[in-house]
Every structure is written in C-alpha cells, then in structure tokens.
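An overview of the molecular structure
These are the residues of each chain, in order.
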Amino acid sequence: MAGKPKLHYFNGRGRMECIRWLLAAAGVEFEEKFIEQPEDLDKLRNDGSLMFQQVPMVEIDGMKLVQTRAILNYIATKYNLYGKDMKERALIDMYSEGVEDLGEMIMHLPLCPPDQKDAKIAQIKERTTNRYFPAFEKVLKNHGQDYLVGNKLSKADIHLVELVYYVEEMDPSLLANFPLLKGLKARVSSLPAVKKFLQPGSQRKPPMDEKNLEEAKRIFRIK
Amino acid sequence: MTFFPPWPNCIVLNTAGKNTEITRSVLGAYRKPKPAVMAAKPKLWYFHGRGRMESIRWLLAAAGVEFEEEFLETREQYEKLQKDGRLLFGQVPLVEIDGMELTQTRAILSYLAAKYNLHGKDLKETVRYQSARANTWFFSKLCLPIRRLRSDAAFQPGGRGGDKGRCFLALAVKKAKTRYFPVFEKVGCGDPDFLVGNKFSWADIQLLEAILTMEELDASVLSDFPLLKEFKTRFSNIPTIKKFLQPGSQRKPPPDSHYVEVVRNILQF
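Reading guide: rules and limits
- Positions within a chain are numbered from 1, following the residues in the order the chain's sequence is written.
- Chains and ligands are labelled sequentially in the order written, the chains with letters from A and the ligands with numbers from 1.
- For a predicted model such as this one, the threshold for reporting local features is a pLDDT of at least 70, and the threshold for listing and counting side-chain atom pairs is 80 or more; totals across whole chains, interfaces and linings nevertheless cover every residue.
- Just so you know, side-chain values use all the structure's heavy atoms and leave hydrogens and water out.
- pLDDT measures the predictor's confidence residue by residue and takes values from 0 up to 100.
- In this analysis, two residues are considered to be in contact whenever any of their non-hydrogen atoms come within 4.5 Å of each other.
- Helix and strand assignments follow DSSP, with helices taken as H or I runs no shorter than four residues and strands as E runs no shorter than two, numbered in order from the N terminus.
- When DSSP finds at least two bridges between two strands, those strands are taken to pair.
- To define axes, lines are fitted to C-alpha atoms, for helices over the stretch in contact only, and angles between the resulting N-to-C directions are given on a 0 to 180 degree scale.
- Residues adjacent in sequence count toward polar contacts only when both atoms are side-chain atoms; beyond that, a polar contact is any pair of N or O atoms within 3.5 Å, and within protein one must be able to donate a hydrogen and the other to accept it.
- In this analysis, rings of Phe, Tyr and Trp, with Trp reduced to its six-membered ring, are considered paired at centre separations within 6.5 Å, and the interplanar angle assigns stacked below 30 degrees, edge-to-face beyond 60, and tilted for intermediate values.
- When accessible area is computed with a 1.4 Å probe and restricted to protein chains, residues below 20% of their type maximum are described as buried, those above 50% as exposed, and intermediate ones as partly exposed.

1. Re the confidence of the model for chain B
Residue and element names in this part refer to chain B. Chain-level statistics for chain B give a pLDDT mean of 77 and a share of 70% at 70 or above. The model gives residues 120–130 a pLDDT under 50, and that stretch makes 16 contacts with residues more than four places away or in other chains. Confidence drops under a pLDDT of 50 for residues 189–198, and excluding neighbours within four residues, the segment shows 22 contacts in the predicted structure. Confidence metrics for the complex model read pTM 0.83 and ipTM 0.88.

2. Things to note about the side chain of E54(B)
Locating E54(B) in the fold gives a position in helix α1 (residues 54–62). Apart from the residues within four sequence positions on either side, E54(B) is in contact with G49(B), E209(B), R251(B) and K252(B).

3. Some thoughts on the sheet that holds strand β3 (residues 43–46) of chain B
Residue and element names in this part refer to chain B. Overall, mixed pairing links the four strands, which are arranged β4-β3-β5-β6 in an open sheet. The open sheet is flanked by β4 (68–71) and β6 (100–103), the only strands paired with a single partner. Put simply, the sheet's adjacent strands are angled 20° from each other on average, direction ignored. In terms of strand pairing, β3 meets strand β5 (residues 94–97) through three bridges, oriented antiparallel. Note on β5: the bridge partner recorded for L44 is V95.

4. Some points on the environment of I222(A)
By secondary structure assignment, the location of I222(A) is in the segment after α9 (210–219). Expressed as a C-alpha distance, the spacing of I222(A) and L111(A), which sit 111 residues apart in the sequence, is 9.8 Å.

5. Points about the side chain of D218(B)
Residues and elements named next belong to chain B. Mapping D218 onto the fold places it in the loop between α6 (202–217) and α7 (226–236). Only 2.8 Å separates the side chain of D218 from the side chain of S220, close enough to count as a polar contact. The residues touching D218, leaving out its near neighbours within four places in the chain, are V173 and K177.

6. Comments concerning the sheet that holds strand β1 (residues 6–9) of chain A
All names here are of chain A. Spatially, four strands are ordered β2-β1-β3-β4 in an open sheet, and the strand pairing comes out mixed. Lying at the two open borders of the sheet, with one neighbouring strand each, are β2 (31–34) and β4 (63–66). This sheet shows a mean twist of 20° between the axes of neighbouring strands, independent of strand direction. Taken together, the four bridges between β1 and β2 define a ladder with parallel strand orientation. In the strand pairing of β2, L7 is matched with E32. This element, helix α3 (residues 68–78), spans β3 (57–60) and β4 of the sheet and lies at about 125° to β4.

7. Examining the packing of aromatic side chains
Across all of its chains, the model carries 16 aromatic pairs over all chains by this definition. Look at F10(A) and F220(A): their rings are 5.7 Å apart centre to centre, the planes differ by 85°, and that puts the pair in the edge-to-face class. Within this pair, whereas F10(A) is found in the loop between β1 and α1 (17–25), its partner F220(A) is found in the segment after α9, the two being separated by 210 residues in sequence. Judged by its relative accessible area of 2%, F10(A) is buried. Between Y132(A) and F89(B), the ring centres sit 5.3 Å apart and the planes meet at 40°, which makes this aromatic pair tilted. Of this pair, Y132(A) sits in helix α5 (residues 114–143) while F89(B) sits in the loop between α2 (75–83) and β5, placing the two residues on different chains. The exposure classification of Y132(A) matches that of F89(B), with both residues buried.

This is how it looks when you write it as structure tokens:
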C-alpha cells in the first residue's frame, strides 16, 4: 500500500499551498518535510531529487514530482477532480489558469518593492473585480449549477475558492457583487474535508508575514 | 461490427442540408456512417507574430492538423472579441475548436495534445500514463521561462537589439545552456527516441521549438549537447514538422518592431 504523499517545501504558503488545498479537499492525508536551511535545499538538489533544482517537490506513487501544475494535474486525475472527459478538462484547465494568473500576482506581493506596493495592490483589486471575479460569476450564472464544470467538484472549484479566501484577506469588500462566487465558497468550505482543513491546527499555512518572508529569502537565497 | 440496411452508394442530403455518406463493403457488412460534416478546422485568434500562440501553431502543425488564423491588427477587433464575450479573461490566445472558445495557452495545448494523441498512444488512466502526462507538463513548462525572456526582450525599449533586449536574450541563452538543455540531454540518454513515455509527444515538439529559437540567438548553443543535436536533426525531418519549417508555412518570424508596435497599440501598454 503506497505511503502518504510527502511534500517538500518551506513552512509557508508559496507554490505549495494550492497542492495542500487539493490534497486536503480530496481527503488525502499527507506528510510534510520542511526545508528550514539553505543546506536542506542543497541536499535535495545534490541527491538528484529535484529534476530542475526547484521545489515544490512531492513524493507520490514512487515518483518525485516537481512543477506545481504537473503535481496538481496528477493529483486531480488520481482523485477524480479533473472532469469526466477532455472537454471538461479543457474548461477546468482554462479556469485554473485564470485563477493561477491572479494568484501569482497576490503571491508575489510580499516581494514587491515598498514604493511599488500600493500600485500593485490597486492593480490586483482592479483585475479581481473587473476581470477574474466577473468571469467566474458569469460561468456559474450561465449554467446555474453548483460547481464550475460538469456539475461536480473539480480542481477548478478548489483553486478558485482558495483564491477567494486570499482576496478576502486582502479586502473582503471585493466579494460584494459576486453572490454566486460567495455561494461556491460557502458550498466548498462546508464539504467535510475542506471544513477540516479550514480549522486551526490543520496543515493550512497562514499568510506570509515578515518573519516568514525572511525565512523564505534565506532558504532560497533571494536578496 | 455494426450492420446497416443496404443503402446504395450515394450522397444523401439530410434535413439540415449537410452531406451524409454511407458506404457499403463488398462482404455486405456495413461501415458506420461518416460524421455529417467534416470537422471544422481549429481557428486561431492572435496577433500576426509568435507570442503565446506559436507553441500552439507548432503543436497543430506537428500533428498534421490544418488550422485557420484570424490576425488581430486593430484595437477595435480586439474590443469586439471582448464585447462579444468570447475571451473568458479578456485575453488572447483564443482558439475556436470543437464548439469551444478556449483561452489560456496551457489549457489549449493540453486539450490539443490529448485530442491529437500527443501524450502517447496509451490513453488509459494508468499510473504510467498519468506520470507521463505529468512529465509532459513539466517538460513543456520548462521552455516557458526561456520563451518569456525572449518575448519580453522584444518589448524592452530599443527592442531585441537594445541594451535591455540583448540582456534578456543573453539570459535566455544562458538559462538554456546551463539549466534546461543539460536536463534534456540527460533524459535523452535514457530514452533515445522520445522524451516522454516512448512516444512522439507534445514535450518533444516544445523542446524542438526551444532549440530552434535558441539557435536563432546563438548558433553554437548546442555545441555541448550532442544528443540534443541529434534529436533536433531527427525531429526536424519528421514530415509534418519539416513542412512547418519551410518558408511559406504558418510559422511566424521573430518579433520585429512592427509587431511590437501592433501589440502595444492593441493591448494599450
């Protein structure tokens, strides 16, 4: 019987958080090995465990998978969160990519130089309310179903709900004009596995603070 | 084997006015009727240049799939697409295919690769297929940073030939030589013919594209990578790819100042 997936990353959200969300929502228990020193990362590289010298890396089913999307796609396929056919998968991919585009902007905010931060935040808010949230609200409105694709929970719903939480952390009022998105968030959040993940003490990681940022910079040798 | 009543060989117009062709084998067993309408060609909406659409053109060309292109030349065209609600996130590339309006480059590539069997012959949901598919994603994604640097270079002040532009391009070549090509050279050792799962795959096409565009910037970029050189020669000679590499194909040239100007004008930046 295969062991639990093992996640290699530093103790923060970064590019691993969406993977944690997906595994959690799929009800899959996982272990984490935190990279705490630059030397830990060096060791993984020298062992040949990181194909392109980068993390996230997930040990699963005898493989050492790297590249966030590859990992997410594998997990989604394995746990039936990727639609029932190619066309549904195309829609799921399209929606996931949109979520990722906005998510990437939010993720990079802590690294933004202080004098550019306000402009960046304004841009994120603008994109959220003018581009991304309207697009997803429209998808939900057009088919009137509970989930984005195929009337069934998929990775797209999980990624989107995760994103909604981050947007709310930034500014709760941004969700105001999007009732269907609010509904999706409530629905996905009340699924037992997700509800558990949302509780304190789970493997969900908090927002990046100064200390966490310093740690990440130190580990990844970012100036 | 499915059996149908003995219709004569003829073209029958159904009520929708489309052609239905029914054929009959000599043994009296009947083949299934062909689909009513020849599947429409995919239609690509983008600027007249490489950008984010080029990897999609490569994939279609390599798979031997004919496609149509609509080129965005004015802001008005772009705004119309947006107003008509055809761009989910207001962005191109857009590909019309199989009744869908797909945006997001990776989503499009993944759909096309699956449709045209470029993940390999074995489409069963086995671990092997899943891991090959996962590998394909990350191999193909590798070329992305290099591509980003190249396209960003074109949009620097002074274009590709300006100081910043040349810097970006030099960095792209450096990354190719030091981070990405060594990995592919190593993987090539284990599997001499194909990158992923022993089949001609989407990852192979992307690697070939990356190699050729890097060579445009630095003709000696493959000098330390004999297996990649061999891969390049072999793949360039695959008939569909060979055709795409010839002048007059739908392959697009490197971005020049005119292209940069059109894009800036349409996207208003």
